[in-house]
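The residues making up each chain are set out below.
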Amino acid sequence: NSKVIQTPRYLVKGQGQKAKMRCIPEKGHPVVFWYQQNKNNEFKFLINFQNQEVLQQIDMTEKRFSAECPSNSPCSLEIQSSEAGDSALYLCASSRRTGNTEVFFGKGTRLTVV
Amino acid sequence: GDSVTQTEGLVTLTEGLPVMLNCTYQSTYSPFLFWYVQHLNEAPKLLLKSFTDNKRPEHQGFHATLHKSSSSFHLQKSSAQLSDSALYYCALSDRCNQGKLIFGQGTKLSIKP
């Protein structure tokens, strides 16, 4: 069973509010991913880290999304000014390394922007 | 860019019948292929992954064969069970994209008694 812990499980924000969610990766997993799963159950890659360094990220041109994985603290994903279209399940995942290796997912934070 | 295609959005089957979920991919390099399964309100979890030595991976009665010639990694099971009802995602990770998993659109498998 996955030991990736995501908090909170549910988050409700008004439009324009900040939304922050956290993730504790599985112990010993230096690689962390964030995905957005929309209402059609499609996965959208957002960003991944190896230790504290960003490996890849989408072009967050609106700059409303930010993420970090500080040492000795949970990883986090923050939306600066929530929009209705941000309503989705945000999944955090971790793995031992990149490549042909299993990625372990948390149960996600379900964000609803009202 | 790299992509994964799952053509069936919903597959409905009667218990005991064989299952086949399609997955094709496009990638510049020889990627690693995976199948993930997500049950209702649960985290997605790995079902199968491709081997570098062309062995056929199997788990919980499911198997998949990587065919590089047709860029496919279809998921099969000989006899569906009610507990197999879930969302199934095919995904790839190429050798140069620093671990990013690219997912297909997902197929909802619904097994009826």
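Trainee: I tried to follow the pattern of salt bridges on my own but got confused; where do I start?
Mentor: On inspection of all chains with the given rule, the structure shows four salt bridges over all chains. A salt bridge links A:Glu83 to A:Arg64; its shortest N-O distance comes to 3.5 Å. Taken together, the residues A:Glu83 in the loop between strand 8 (75-79) and strand 9 (88-95) and A:Arg64 in the loop between strand 6 (53-57) and strand 7 (65-68) connect sequence positions 19 residues apart. A relative accessible area of 36% places A:Glu83 in the partly exposed class. A residue is classified by how much of its surface remains accessible, and A:Arg64, at 9% relative accessible area, is buried. With a closest N to O distance of 3.9 Å, B:Glu42 and A:Lys107 form a salt bridge. Placement of the pair is B:Glu42 in the loop between strand 5 (32-38) and strand 6 (45-49) and A:Lys107 in the loop between strand 10 (104-105) and strand 11 (109-113), with the two residues belonging to separate chains. Connected through salt bridges with shared partners, the residues A:Arg64, A:Glu83 and A:Asp86 form a single ionic network.

Trainee: Could you clarify how one ought to interpret the packing of aromatic side chains in this entry?
Mentor: Geometrically, a pair of aromatic rings is defined through the distance of the ring centres and the angle of the planes. In total, this model carries 14 aromatic pairs over all chains according to the counting rule given. Relative to B:Phe103, the ring of A:Tyr35 lies with its centre 5.3 Å away and its plane at 90 degrees, an arrangement referred to as edge-to-face. Of this pair, A:Tyr35 sits in strand 4 (residues 31-37) while B:Phe103 sits in strand 11 (residues 102-103), each in a different chain. B:Phe103 shares its class with A:Tyr35; the two are buried. An aromatic cluster of at least three residues, connected via ring pairs, comprises A:Phe33, A:Tyr35, A:Phe43, A:Phe45, A:Phe105, B:Phe34, B:Tyr36, B:Tyr89 and B:Phe103.

Trainee: I'm lost on the pairing of strand 6 of chain B in this one. Help?
Mentor: Residues in a regular strand point their side chains to alternate faces of the sheet. Residues and elements named next belong to chain B. In this sheet, strand 6 lies alongside strand 5 in antiparallel orientation, the contact comprising four bridges. Opposite Trp 35, over in strand 6, you have Leu 48 as the bridge partner. From the end of strand 5 to the start of strand 6, which pair antiparallel, there are six residues, and Asn 41 there has a positive phi angle of about 60 degrees.

Each value, and the rule that gives it
Residues numbered from 1 in each chain as written. Chains lettered and ligands numbered in written order. Predicted model: local features only at pLDDT ≥ 70, side-chain atom pairs only at ≥ 80, totals over all residues. Heavy atoms only, no water. Salt bridge = Lys/Arg side-chain N within 4 Å of Asp/Glu carboxyl O. Helix = DSSP H or I, 4+ residues; strand = E, 2+ residues; numbered from the N terminus. Buried < 20%, exposed > 50% of the residue type's maximum accessible area, 1.4 Å probe, protein only. Phe/Tyr/Trp six-rings, centres within 6.5 Å; stacked < 30°, edge-to-face > 60°. Pairing = 2+ DSSP bridges.

Just distances and angles here, no functional claims.
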